[in-house]
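Examination of the molecular architecture
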Amino acid sequence: MKDKLKVDPIKNGTVIDHIVAGKALQVADILSLNPPKNLMMIGVNLTSHKMGKKDIIKVENRILTEDEVNSIALISPSATLIIIEDFKVVKKHGISIPDEIKKHIVCPNSNCVTNIENVPTRFEVACRKPVEVRCAYCEKKYAIDQVRFKF
Ligand SMILES: [Zn+2]
């Protein structure tokens, strides 16, 4: 119930709850790439019964796209999405790490064809814990913290 109080203040929008503590800014970066026109609130190191510490993000008047959710899942698989309508929770669900992600990760390898020609990237998830992704073109593997997202 204590968690619920922190969810209440937005009228309509999405709450990303149970983000791994310290990862909220990375998640916010993803959301900012497709710039939010509305209020976004970021809470860091909140107390959580489930996790000890957690981060939380609330975005007003916005439903996340599947690509955004998949990207967030790579950064914080523990996250829960809560959809708020008229101050009420209408939907609440966990997210899961996708098998692959297209277009939205920039390959850090400057010699990769995706950086030389304008080829959309494709990354496969090579490891789920900790999350590592592999470029389908140059086949190099990266920890999720080593890559940059673009939207
Ligand atoms: Zn590559």
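Predicted model, so just to flag it, every value in this text is computed and none were measured. By convention here, each chain's residues receive numbers from 1 onward along its written sequence. Whole-chain, interface and lining totals are the exception, using all residues; otherwise, since this is a predicted model, local features are given only for residues with pLDDT of at least 70 and side-chain atom pairs are given and counted only at 80 or more. The side-chain quantities take in all heavy atoms of the structure and omit both hydrogens and water.

Here we look at the pattern of salt bridges
Opposite charge on two side chains allows them to pair when their charged atoms are near. The rule for a salt bridge is simple: a side-chain nitrogen of Lys or Arg has to be within 4 Å of a carboxyl oxygen of Asp or Glu. One pass over the structure, following the stated rule, counts 8 salt bridges. With a shortest N-O distance of 2.7 Å, D99 and R128 are connected by a salt bridge. Linking D99 in the loop between β5 (88–94) and β6 (100–102) with R128 in strand β8 (residues 122–128), this pair joins segments that are 29 residues apart in sequence. Only protein chains enter the calculation, and the probe is 1.4 Å; a residue is then buried if its accessible area is under 20% of its type maximum, exposed if over 50%, and partly exposed in between. Judged by its relative accessible area of 40%, R128 falls in the partly exposed class. With a shortest N-O distance of 3.5 Å, E132 and K141 are connected by a salt bridge. By relative accessible area, which is 22% here, E132 ends up partly exposed. Using a relative accessible area of 47% as the deciding quantity, one classes K141 as partly exposed. Every helix listed is a DSSP run of H or I at least four residues long, and every strand listed is a run of E at least two residues long, numbered separately from the N terminus.

Observations regarding the coordination of the zinc ion
Six octahedral donors around a metal ideally subtend angles of 90 or 180 degrees, whereas four tetrahedral donors ideally subtend 109.5 degrees. As a rule, N, O and S atoms within 2.8 Å of a metal are its donors, except that Na, K and Ca use 3.2 Å; water is not among the atoms, so sites may look incomplete. Looking at the zinc ion, one finds its protein donor set to be C107 (SG), C112 (SG), C135 (SG) and C138 (SG), positioned 2.3 to 2.4 Å from the metal centre. Four donors are marked tetrahedral only if all angles between them lie between 85 and 135 degrees, whereas four are marked square planar and six octahedral if opposite donors are more than 155 degrees apart and the other angles lie between 65 and 115; the remainder are marked irregular. Taken together, the 4 donor atoms coordinating the zinc ion and their angles of 103 to 116° define a geometry best described as tetrahedral.

A few points about the pairing of β8
In this structure, β6 lies alongside β8, joined through 3 bridges in antiparallel fashion. Across the sheet, residue E100 finds its bridge partner in β8, namely E124. When DSSP locates at least two bridges between a pair of strands, those strands are taken to pair. Hairpin connection from β8 to strand β9 (residues 131–135): 2 residues lie between these consecutive antiparallel strands.

Quick word on the domain arrangement of the protein chain
The split into domains, and so the bounds of each, comes from an automatic or database assignment of domains. Partitioning the protein chain into domains gives domain 1 (2–94) and domain 2 (100–149). The C-alpha centroid of domain 2 is placed 25 Å from the C-alpha centroid of domain 1. If you look at the interface, domain 1 gives 10 residues, while domain 2 gives 9 residues. Buried area is understood as the total, over both parts, of accessible area removed when two parts are fitted together, assessed with a 1.4 Å probe. Taking both partners together, domain 1 and domain 2 bury about 750 Å²; carbon and sulfur atoms supply 66% of that area. For domain 1, the biggest contributors to the area lost against domain 2 are D67, S71 and L74; these three give 58% of the whole. Only heavy atoms enter the contact rule, under which two residues are in contact if any of them lie within 4.5 Å.

Focus on the sheet that holds β9
On the basis of which strands lie adjacent, the open sheet formed by 4 strands has the order β6-β8-β9-β10 and antiparallel pairing. Of all the strands in the sheet, the pair left with one neighbour each is β6 and β10 (141–143). Each adjacent strand pair in this sheet contributes to an overall mean axis angle of 30°, direction not counted. Axes here mean lines fitted to C-alpha atoms, for a helix over just the part in contact, with angles spanning 0 to 180 degrees between N-to-C directions. The sheet strands contacting helix α3 (residues 66–75) are β6, β8 and β9, and the helix crosses β6 at an angle near 130°.

So, the sheet that holds β5
Pairing within the open sheet is antiparallel, and its 5 strands lie in the order β2-β3-β1-β4-β5. The open sheet has two edge strands, β2 (40–48) and β5, and neither has a second partner. Put simply, the sheet's adjacent strands are angled 20° from each other on average, direction ignored. Pairing between β2 and strand β3 (residues 52–60): 7 bridges, direction antiparallel. Residue pairing in the sheet places T47 in a bridge with K53 of β3. Of the strands in this sheet, β1 (13–20), β2 and β3 are in contact with helix α2 (residues 24–33), which crosses β2 at around 160°.

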